[in-house]
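Next come the chains, spelled out residue by residue.
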Amino acid sequence: MATHDTAAPPTKEGGAAPGRPPADPAGAERRRARLSRRWQRDMRWSPYAFVSPFFLLFLAFGLFPLIYTGWASLHQVEMTAPTDMEWVGLRNYTRIFDDDFFWNAAKNTLTIGIISTVPQLLMAMGLAHILNYKLRGSTFYRVMMLAPYATSIAAASLVFVLLFGRDYGMINWALDFVGIDPVDWQSDKWPSQFAVSTIVIWRWTGYNALIYLAAMQAIPQDLYESAALDGASRWKQFLHVTLPSLRPTILFTVVVSTIGATQVFGEPLLFDANKGASGGSEHQFQTLGLYLYEQGWVNQHLGRASAIAWTMFLILIVVGIVNYVISRRLRASS
């Protein structure tokens, strides 16, 4: 009987693999091109998206108020009707320059700035030099340096008001203990400016000390070792190694402290709460910041206050230009 051989179907192990659809190299290339373009756009625009919140806030709360106050300084406008503007040109500037209270505030700002800045930076330099050595608990001392800076201006000013009280203040008690007559710290010109300056010194000395400390720790130790091998004492090392290396940092702190002194406001305002923005009974410690506040929010002359604000802004620009010139000369000399 004849038999017919039939081909068995291919098995899974030994049979042929099932067919696949042919590849599309053009489509894969297009997909890679789209991903590449998307990645390039992401790398190009993502940084701008990340920093855009800062610029939006700056436009809303920085640039727009600056432009608006510049425009308002050229108009006569009152706080009670800020939309009613009358063009007066530069009259607001000529009026404040002819105002004796403006020059009094400018002189007070200068003297308070000098009294507060010079001792502050000298003390900060000394504290930083001490903290630069290996001390037990140095981290604790560095944190304590920032404690005054983190304290509220209102709280610090109120404490100093109690310390400098005329009748029951601790400062007058200490002076009376050594036989010195009590001082009226709020009514006399120089004592009141000294008292306001002590608040500024207390708040900012630790902050500047940490800046100096960071700069000192960046000085190469080889310089100190070479100076020690030459027989230089620690004092001579400080004069001939530390100070020359800190010249850019010292210039930075001087400029920042000058800007802060120009804008000082909270300390004199709270030092004599009864007189408010007048800065004492005879304006003896009224600064430019208090004068601006008095004209804008007490007298409600918004145009004149805007002119004062722009005058302070121009003063800061001059300070910045001086800083730039000195920095260039220091870099050229070094």
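> Just checking my understanding: could you explain helix 10 (residues 247-262) for this structure?
The periodicity of an α-helix, 3.6 residues per turn, causes residues three or four places apart in sequence to face the same way. With 16 residues, helix 10 extends 23 Å from end C-alpha to end C-alpha; this agrees with the ideal 22 Å at 1.5 Å per step. Considered for burial, the residues of helix 10 that qualify are Thr249, Leu251, Thr253, Val255, Ser257, Ala261 and Thr262.

> Teacher, can you tell me more about the pairing of strand 2 (residues 81-87) here?
Along a regular strand, successive side chains alternate from one face of the sheet to the other. Of the pairings in the sheet, the one linking strand 1 (residues 75-78) to strand 2 comprises 3 bridges and is antiparallel in character. Looking across to strand 2, one finds that His75 is bridged to Trp87. Counted between consecutive antiparallel strands, the loop separating strand 1 from strand 2 contains 2 residues.

> What is the right way to look at unusual backbone geometry in this model?
Leaving glycine aside, a negative phi is the common case for residues, and trans is the common case for peptide bonds. Notably, His283 is not glycine yet its phi reads approximately 55 degrees, a positive angle. Here His283 is to be found in the loop between helix 11 (266-271) and helix 12 (288-298). For His283, a relative accessible area of 15% translates into the label buried. Unlike most non-glycine residues, Gln300 shows phi in positive territory, near 65 degrees. Mapping Gln300 onto the fold places it in the loop between helix 12 and helix 13 (302-333).

> Would you explain the environment of Ser46 in this entry?
For Ser46, the position within the fold is in helix 1 (residues 25-72). Looking at Ser46, the relative accessible area reads 17%, which means it is buried. Residues Ser46 and Phe313, spaced 267 residues apart in sequence, show a C-alpha to C-alpha distance of 34 Å.

> Which parts of the structure should I look at to understand the packing of aromatic side chains?
In this description, an aromatic ring pair is defined by two values, namely the gap between the centres and the angle between the planes. Per the counting criterion, the structure on display carries 23 aromatic pairs. Taken together, a centroid distance of 5.2 Å and an interplanar angle of 75 degrees make the contact between Phe54 and Phe55 edge-to-face. Given the relative accessible area of 53%, Phe54 is considered exposed. Using a relative accessible area of 46% as the deciding quantity, one classes Phe55 as partly exposed. Seen from their ring centres, Trp310 and Phe313 are 5.3 Å apart, and the 75 degrees between their planes marks the pair as edge-to-face. Here Phe313 and Trp310 lie together in helix 13, a separation of 3 residues that amounts to about one turn. Exposure remark for Trp310: the relative accessible area of 21% places this residue in the partly exposed category. Assessed through its relative accessible area of 31%, Phe313 is described here as partly exposed. Joined through ring pairs, the aromatic side chains of Phe160, Phe164, Trp185, Phe194 and Trp202 make up one cluster.

> What is the right way to read the confidence of the model for the protein from this model?
Atom-level detail of predicted coordinates should not be read off regions where pLDDT is low. Averaged over every residue, the pLDDT of the protein is 85; the share at 70 or more is 91%. For the protein, the element scoring lowest by mean pLDDT is helix 1, at 82; helix 3 (residues 100-131) scores highest, at 93. Note that pLDDT drops below 50 for residues 1-8; the model gives that stretch 0 contacts with residues more than four away or on any other chain. Within the model, pLDDT remains below 50 along residues 10-17, and this stretch shows 2 contacts once partners closer than five positions in the same chain are excluded.

> Teacher, can you tell me more about the pattern of salt bridges here?
Pairing between side chains of opposite charge can happen when their charged atoms approach one another. For the structure on display, the rule yields 3 salt bridges. Arg166 is paired through a salt bridge with Asp184; the nearest N and O atoms lie 3.9 Å apart. One end of the pair, Arg166, is in the loop between helix 5 (153-163) and helix 6 (170-177); the other, Asp184, is in the loop between helix 6 and helix 7 (189-217), with 18 residues separating them in the sequence. A salt bridge links Glu267 to Arg203; the nearest nitrogen and oxygen atoms lie 3.7 Å apart.

Rules used throughout
- Residues numbered from 1 in each chain as written.
- Predicted model: local features only at pLDDT ≥ 70, side-chain atom pairs only at ≥ 80, totals over all residues.
- Heavy atoms only, no water.
- Helix = DSSP H or I, 4+ residues; strand = E, 2+ residues; numbered from the N terminus.
- Expected span 1.5 Å × (residues − 1).
- Buried < 20%, exposed > 50% of the residue type's maximum accessible area, 1.4 Å probe, protein only.
- Pairing = 2+ DSSP bridges.
- Phe/Tyr/Trp six-rings, centres within 6.5 Å; stacked < 30°, edge-to-face > 60°.
- pLDDT = per-residue confidence, 0-100.
- Contact = heavy atoms within 4.5 Å.
- Salt bridge = Lys/Arg side-chain N within 4 Å of Asp/Glu carboxyl O.

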